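Structural characterization, general
Letter by letter, the chains look like this.
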Amino acid sequence: VTPVIAAAWAAGVGALEASPGFAQVFMPGGRAPAVGASFTNPGLARAYEVIAADGRAAFYAGPIAAAVEQSVRDNGGYLGREDLAAHASEWTLPVATTYRGWRVYELPPNGQGIAVLQMLNILEGFELGALEWGSAEHLHLLVETKKLAFEDRARYYADPKFATAPVERLIAKDYAAARRALIDPQRASVTPTHGAAGAGDTVYLAAADTAGNMVSLIQSNYVGFGSGVTVAPFGFGLQNRGSQFALDPKHANAYAPGKRPFHTIIPAFATRDGEALLAFGVMGAAMQPQGQVQVLSNLVDFGMGLQAAGDAPRVRHEGSTEPTGAAQDPSGGAVYLEPGFPPAALAGLRTRGHRLGVAANAATFGGYQAIRRDLRTLVYAGASESRKDGHAAGY
């Protein structure tokens, strides 16, 4: 157990140790594992063996489904085997935009991937490469762009089977131009609104092979150990993504049976001249779109290498309207900066009206992983995150 994981584990168990089955799986010896301890999960091993033998039916209709139902019932919930049996996964076509010759792909709603595309479209109208990286001018544009995209995120992103998100319009270049015009280069916006577009615990990995195939994958329990509902016989817990529904029945993301809630997890991909170029992701809830845009801009606008683009200090804005219906901060929210930005940049942000907050820890600025393919030599480069556990490896 590594230091980063041990700290998060210890912080997360307190509120859940009384939840049926939780301590049995996640608190061996009655406590969270310490740094350097070995953790084993024989129940999860049994689950993998059952799935390997019987396929998806073992999970959605067999013994694992029965154990899920029992665990939910033990916690006072209602999810049953019939719900799991009725589930049908689906292939979804990604959507894309161009950014200075790169074509960037994201998954459409009910996730937040198109926030990246919206932000890139807005930023494309500014000559970021002509600015000093990390200057007040540079950071101001990143923050203001995020504010605009996140108001659309709160208003429109939802399960497309229940609410028609105007995706094509939201990622259109002319729509971005209209939104870009709202940015005052010398002043922070306080209460931006969504446009008229009608008619964050996570694991990320990238993989690539000798044939040029690349995979971008992300998965998440959402908050810490998720719901805390633990399927003890098979060694895993259930997520709590449903907490991202809005409870206003008029909201596009309103709770409804059979509906997928707003999701933060967004694997990403980029091509150039039709060739697979980059599989990447940045873990971290609402930091994900902000982090992806900063990494891409570091690569494209500032010519950083794959590792440097992720290691560079990041900026994060909080206080936008949420997809759950929670209102925006009427004071304009707060801007958080990692160490490494020059004092002049902080002073310049304050002059523009930004309120600077104090960052709690490095993990709140995301967790980046990437594989890039050199289209000339066909050699891969991998990069991993200095803020979390991770590594790049070749086989």
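Computed from a predicted model, the values in this text were never measured in an experiment. (Residues numbered from 1 in each chain as written. Predicted model: local features only at pLDDT ≥ 70, side-chain atom pairs only at ≥ 80, totals over all residues. Heavy atoms only, no water.)

Regarding the overall build of the protein
Within the protein one finds 13 helices and 13 strands. In terms of overall dimensions, the protein is globule-like: its C-alpha atoms have a radius of gyration of 22 Å, near the 21 Å expected for 395 residues. The principal-axis extents of the C-alpha atoms in the protein amount to approximately 60 × 50 × 40 Å. Classification of the 395 residues of the protein by burial places 49% in the buried group. Summed over its atoms, the accessible surface of the protein is roughly 18300 Å², and 57% of this surface lies on carbon and sulfur atoms. Counting 32 positive and 34 negative side-chain charges, the protein places the averaged centre of each group 3 Å from the other. (Helix = DSSP H or I, 4+ residues; strand = E, 2+ residues; numbered from the N terminus. Rg over C-alpha atoms; globule rule 2.2 N^0.38 Å. Buried < 20%, exposed > 50% of the residue type's maximum accessible area, 1.4 Å probe, protein only. Areas by Shrake-Rupley, 256 points an atom, 1.4 Å probe, with all protein chains shown as cover. Lys, Arg positive; Asp, Glu negative; His and termini not counted. Charge placed at Lys NZ, Arg CZ, Asp CG, Glu CD.)

Notes on the pairing of strand β7 (residues 268-272)
Across four bridges, the pairing between strand β2 (residues 102-106) and β7 is antiparallel. The residue bridging Arg 103 from the neighbouring strand is Thr 271, located in β7. Pairing of β7 with strand β8 (residues 275-283), which is carried by five bridges, proceeds in the antiparallel orientation. Each residue of the ladder has a partner; that of Phe 269, found in β8, is Ala 279. The loop that links β7 with its antiparallel partner β8 comprises two residues; one of these, Asp 273, has a positive phi angle of about 55°. (Pairing = 2+ DSSP bridges.)

Any functional reading would require information beyond the geometric quantities listed.
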